[in-house]
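Inside the fold
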Amino acid sequence: MRRAIYPGSFDPVTNGHLDMIGRSAKLVDELVVGVLNNSAKNALFSVDERVSMLEEMTSHLENVKIGSFRGLLVDYAKSISATIIIRGLRAVTDFEYELQIAQTNHEVDTDIETIFLTTRLEYAYLSSTIVKEFASYGGDISHFVPEQLAGRIYAKYGVKKYE
């Protein structure tokens, strides 16, 4: 069985993330979306909230499971018997950083391979940081995130949904 992990903070989940999940799920028998629990970051949503949102948004994908982890990705991959790590690349600048991580992970565990998928052009600019910036000022995030999640994001900032 080919089990892969698509890791990230997903704070919040964007349309770009969901596109990557859908495309990645077609490449493997099982895709685990791993939500990073990084206590050093000041997250907008709790890990449980992010897991719940991802479960809701991917419920139609039968071979996708959602989990959370803390610590090293390579250790989590081993613990769930994933041999593939999937990472998205938005721009050339992402590649250098991601390549170093992929090479390090492979050095730690030679059974783990990293696959890089380029984002679709329509999402190349998109990041959770941009979503949070727009939402915090009440800007329109309807093109960035699923409609079901927009209200939850605005609520975290105490602003009314963009009309």
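So, here is what we can say about the structure in this document. Only a predicted model underlies this, so the values are computations on that prediction, with no experimental measurement involved.

**Section: the overall build of the protein**
- For the protein, the helix and strand inventory stands at six helices and five strands.
- Start at the N end of the protein and walk to the C end: the helices and strands fall as β-α-β-α-β-α-β-α-β-α-α.
- In terms of C-alpha radius of gyration, the protein reaches 16 Å, essentially the compact-globule figure of 15 Å for 163 residues.
- C-alpha atoms of the protein, sized along the principal axes, occupy 50 × 30 × 30 Å.
- The buried share of the protein, taken over its 163 residues, is 48%.
- Sequence separation of at least 24 residues holds for 72% of the intrachain contacts in the protein that already meet a minimum separation of 6.
- Put simply, the protein shows about 9,100 Å² of open surface, and 50% of that area lies on carbon and sulfur atoms.
- Each charge sign in the protein was given a centre, from 17 positive and 22 negative side chains, and these centres are 3 Å apart.

**Digging into the nonpolar core**
- Counting 36 residues, the largest nonpolar core has Ile-21, Leu-31, Val-33, Leu-54, Val-64, Ile-141 and Ile-153 as its most contacted members.
- Elements with a contribution of two residues or more to this core: strand E1 (3-8), helix H1 (15-25), strand E2 (30-36), helix H2 (47-58), strand E3 (64-69), strand E4 (84-89), helix H5 (128-136) and helix H6 (147-157).
- Within the second largest apolar cluster, 11 residues are counted, among which are Val-32, Phe-69, Ile-85 and Ile-112.

**Points about the sheet that holds E2**
- Read across the open sheet, the five strands follow the order E3-E2-E1-E4-E5; overall the sheet is parallel. Two strands in the sheet have a free side with no partner beyond their single neighbour: E3 and strand E5 (113-118). This sheet shows a mean twist of 30° between the axes of neighbouring strands, independent of strand direction.
- Direction of pairing for E1 relative to E4: parallel, over a ladder of two bridges. Pairing of Ala-4 across the sheet is with Ile-84, part of E4.
- Its contacts with the sheet place H1 against E1, E2, E3, E4 and E5, and it is angled at close to 125° to E5.
- Each of E4 and E5 is contacted by helix H4 (residues 92-108), which is oriented at about 160° to E5, the strand it contacts most.

Procedures and definitions
- Residues numbered from 1 in each chain as written.
- Predicted model: local features only at pLDDT ≥ 70, side-chain atom pairs only at ≥ 80, totals over all residues.
- Heavy atoms only, no water.
- Helix = DSSP H or I, 4+ residues; strand = E, 2+ residues; numbered from the N terminus.
- Rg over C-alpha atoms; globule rule 2.2 N^0.38 Å.
- Buried < 20%, exposed > 50% of the residue type's maximum accessible area, 1.4 Å probe, protein only.
- Contact = heavy atoms within 4.5 Å.
- Areas by Shrake-Rupley, 256 points an atom, 1.4 Å probe, with all protein chains shown as cover.
- Lys, Arg positive; Asp, Glu negative; His and termini not counted.
- Charge placed at Lys NZ, Arg CZ, Asp CG, Glu CD.
- Core = buried A, V, L, I, M, F, W, Y, C linked by side-chain atoms within 4.5 Å.
- Pairing = 2+ DSSP bridges.
- Axes fitted to C-alpha atoms, helices over the stretch in contact; angles between N-to-C directions.

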